[in-house]
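Next come the chains, spelled out residue by residue.
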Amino acid sequence: MALAELSASYTKTTTPFHSSQPSLSSTSPRFSDHFRRSFRSIPRSRNATISCSVASDQVQTPIPVQAENPKGKTECYGVFCLTYDLQAEEETKSWKKLINISVSGAAGMISNHLLFKLASGEVFGPNQPIALKLLGSERSIQALEGVAMELEDSLFPLLREVSIGINPYEVFQDAEWALLIGAKPRGPGMERAGLLDINGQIFAEQGKALNAVASHNVKVIVVGNPCNTNALICMKNAPNIPAKNFHALTRLDENRAKCQLALKAGVFYDQVSNMTIWGNHSTTQVPDFLNARIKGLPVKEVIKDHKWLEEEFTEKVQKRGGVLIQKWGRSSAASTAVSIVDAIKSLITPTPEGDWFSSGVYTNGNPYGIAEDIVFSIPCRSKGDGDYELVKEVIFDDYLLKRIRKTEAELLAEKRCVAHLTGEGVAFCDLTEDTMLPGEM
Ligand SMILES: NC(=O)C1=CN([C@@H]2O[C@H](COP(=O)(O)OP(=O)(O)OC[C@H]3O[C@@H](n4cnc5c(N)ncnc54)[C@H](OP(=O)(O)O)[C@@H]3O)[C@@H](O)[C@H]2O)C=CC1
Ligand SMILES: O=C([O-])CC(=O)C(=O)O
């Protein structure tokens, strides 16, 4: 019997699988390997009873138990529906408690890179088992099954559960991380206000769902554009989740800025630190070369061509995504996935002494005089506990302040456009110029 058929038959039966069945484990090393990788913790919400006898010189014969499914809906995928006693395996005894990671737009291009990084252990570490809860839509559900199949076939030891669905109220259940990637791309002729409205509705609904069913300390990273205002909408619709927990992804912009500075200075990019992106993930964003450092020195001391910094460098970073789309014919999915990994790692590992990272965060209480009640990219530092604090020791000059005011004005205008989605009355959209996402030219 083929492996796929076997795994399918498992999900359909609650009959314990005994070693008296055709000697799969002895005839097929792949299958015993498959078993080993299929062990998973017992989800909190399920009452499966597990028994498992393991003799040291025998191949293990785990007893699969079908997940309880009170609503009769599919909630797990294929091999990931098998339930085993995680403690039965020596290797897993040192593992941490399983965490739930929900990902929207899971059949999209960014997710296609990101999910495999998450499942490999590269993000949360080699002792951290994970459950992936993938959100798609009717349009993408088949593609999502394809994604789940590839995850099955990758045999990631740490990937203990995969479920797919189209209802955020199910997919976000108990989420400890929510990576919100899915959003409608801006099409030809579409006004930014139109995009704000269409995507804003997605994020309003997802905010409500997170509020209702996610862990109350869920960390939310909004990637789908326009990500700052989408993050604000999501946050406003999730009043039970701390506002601090919402991030808009500007890490890709930070990484792009570091790369350009390294290139100009003739150093490897690990020599560039303290890189802030201020403001919106749009062409008004401000890559801050005043506070950034190269080999520990202020950038302006290393790169003497200040005109280049003010003009070429700034515009290059702002429009990098668009140039890439022109070359590639699609947006920067791989480097965006890498930057999501960087953004998560920055929150779960202590920030190196003296350094910081950029993230779009809620501005209430900020020390810089930036308007309150928007999501604005700011320098942050973390102790590695999932939380962060704003960096205070930054300096400003007229150039930087002027640019920050411009991106701030854009975000305030975006906020007025979505007042109907944040519970702040009637929207009034007066975006003065139709600014672009970094990916648009
Ligand atoms: N912040 C950042 O740095 C960056 C952000 N981005 C943004 O990330 C988002 C995802 O990018 P990417 O993965 O490349 O895009 P894809 O087009 O590959 O995937 C986007 C997903 O969004 C979902 N979606 C939700 N609503 C709609 C809709 N109305 N019409 C079409 N699709 C919809 C679709 O999934 P489903 O049908 O399952 O809902 C689709 O799979 C985009 O908004 C992009 O602009 C991209 C790069 C950098
Ligand atoms: O506009 C897009 O979809 C791509 C984008 O955000 C970027 O490359 O920074």
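In the annotation of an unreviewed UniProt entry, the protein is listed under the name Malate dehydrogenase [NADP], chloroplastic and assigned to Durio zibethinus. What the UniProt record of the protein gives under Catalytic activity (unreviewed entry) is the line "(S)-malate + NADP(+) = oxaloacetate + NADPH + H(+)". Per UniProt, the protein has the following entry under Subcellular location (unreviewed entry): "Plastid, Chloroplast".

> Outline the overall build of the protein, supporting the account with residue identities and numerical values.
Secondary structure summary: the protein contains 14 helices and 14 strands in total. Every one of the 441 residues in the protein was classed for burial, and the buried ones make up 44%. Counted over contacts in the protein with a minimum sequence separation of 6, partners at least 24 positions apart contribute 72%.

> Describe the packing of helix H9 (residues 251-265) against helix H11 (residues 306-328), with residues and values.
Running from amino to carboxyl end, H9 crosses H11 at an angle of 140°, the nearest separation of the two axes being 9 Å. One finds that H9 runs oblique with respect to H11. Crossing of H9 over H11 shows right-handed handedness. On the side of H9, the interface is formed by Asp253, Arg256, Ala257, Gln260 and Lys264, while H11 contributes Trp308, Phe313, Lys316, Val317 and Arg320. For the contact of H9 with H11, the per-class residue count stands at four nonpolar, one polar and five charged.

> Talk me through the confidence of the model for the protein; I want residue IDs and the actual numbers.
A residue-level look at the protein finds 81% of positions with pLDDT of 70 or above and a mean pLDDT of 84. The model gives residues 1-72 a pLDDT under 50, and that stretch makes 85 contacts with residues more than four places away or in other chains. At the level of chain-chain contacts, confidence expressed as ipTM amounts to 0.98, with global pTM at 0.86.

> Can you break down the environment of Asn291 residue by residue, with the values?
Inspection of the secondary structure assignment puts Asn291 in the loop between strand E9 (286-288) and strand E10 (293-294). Judged by the 19 C-beta atoms lying within 10 Å of it, Asn291 is partly exposed. A sequence separation of 116 residues divides Asn291 from Ala175, and the C-alpha atoms of the two residues are 36 Å apart. In this structure, Asn291 is in contact with Asn274, Thr276, Val394 and Ile395, ignoring residues within four places of it in sequence.

> Tell me what's going on with the pairing of strand E12 (residues 357-362), and back it up with residues and numbers.
Of all six residues in E12, six are buried, a share of seventy percent or more. Bridging between E12 and strand E13 (residues 375-381) involves six bridges; their strand directions are antiparallel. Residue pairing for E13: Val361 is matched across the bridge by Phe376.

> Can you lay out the environment of Asn167 for me, pointing to particular residues and giving the numbers?
Relative to the helices and strands, Asn167 is located in the loop between strand E3 (159-165) and helix H6 (168-171). Among the residues examined, Asn167 registers 12 C-beta atoms within 10 Å and is labelled exposed. When the C-alpha positions of Asn167 and Ser331 are compared, they lie 27 Å apart, and in sequence the two are 164 residues distant.

> How would you summarise the site of ligand 1 if you had to cite specific residues and measurements?
The full set close to ligand 1 counts 28 residues, and Gly108, Ser140, Gly182, Ala183 and Lys184 are the nearest of them. Among the secondary structure elements, those contributing two or more residues to the shell around ligand 1 are helix H4 (109-120) and helix H12 (333-348). Its residues assigned to classes, the shell around ligand 1 shows 13 nonpolar, 13 polar and two charged.

> Give me the lowdown on the nonpolar core, citing residues and values where you can.
Among the nonpolar cores identified, the biggest contains 100 residues, and Leu132, Leu134 and Val222 are the most heavily contacted of them. Broken down by element, the residue count for this core peaks at seven residues, all from helix H7 (residues 192-213). Setting aside chain neighbours within four positions, we find Leu134 in contact with Val103, Ala106, Leu144, Val147, Ala148, Val162, Ser163, Ile164 and Val171.

> Tell me about the UniProt feature "domain: Lactate/malate dehydrogenase C-terminal" (unreviewed entry) in the protein, and please be specific about residues and values.
Under the UniProt annotation, the feature "domain: Lactate/malate dehydrogenase C-terminal" (unreviewed entry) is placed at residues 250-420. With 47% helix and 16% strand, residues 250-420 has its two end C-alpha atoms placed 25 Å apart.

Conventions used here
Per chain, the residues get numbers from 1 upward, laid out in the order the sequence is written. All chains are assigned letters beginning with A, and all ligands numbers beginning with 1, in the order in which they are written. The predicted nature of this model means local features are confined to residues of pLDDT at least 70 and side-chain atom pairs, given and counted, to a pLDDT of 80 or more, with totals for whole chains, interfaces and linings taken over all residues. UniProt positions are given in the numbering used here, feature names are shortened, and annotations may be inferred rather than shown by experiment. Every helix listed is a DSSP run of H or I at least four residues long, and every strand listed is a run of E at least two residues long, numbered separately from the N terminus. Exposure is read from a count of other C-beta atoms within 10 Å of each residue's own; the residue is exposed at 12 or fewer, buried at 20 or more and partly exposed in between. C-beta atoms are placed from the backbone. Our contact criterion uses C-beta atoms placed from the backbone: two residues qualify when those atoms are within 7 Å. All axes are obtained by fitting lines to C-alpha atoms, using only the stretch in contact for helices, and the reported angles, taken between N-to-C directions, cover 0 to 180 degrees. Convention used here: angles under 35 degrees read as roughly parallel, angles over 145 as roughly antiparallel, angles from 65 to 115 as roughly perpendicular, and any remaining angle as oblique. Each crossing gets its handedness from the near helix: less than a right angle anticlockwise from the far helix is left-handed, clockwise is right-handed. Ten residue types, Ala, Val, Leu, Ile, Met, Phe, Trp, Tyr, Cys and Pro, are classed as nonpolar, four, Asp, Glu, Lys and Arg, as charged, and the remainder, Gly among them, as polar. Confidence per residue, as judged by the predictor, is encoded in pLDDT with a range of 0 to 100. The pairing criterion is simple: DSSP has to find at least two bridges between the two strands. Being near a molecule or strand means, for a residue, that its C-beta atom, positioned from the backbone, comes within 6 Å of it. The term nonpolar core refers to a set of buried Ala, Val, Leu, Ile, Met, Phe, Trp, Tyr and Cys residues connected through C-beta atoms within 7 Å.

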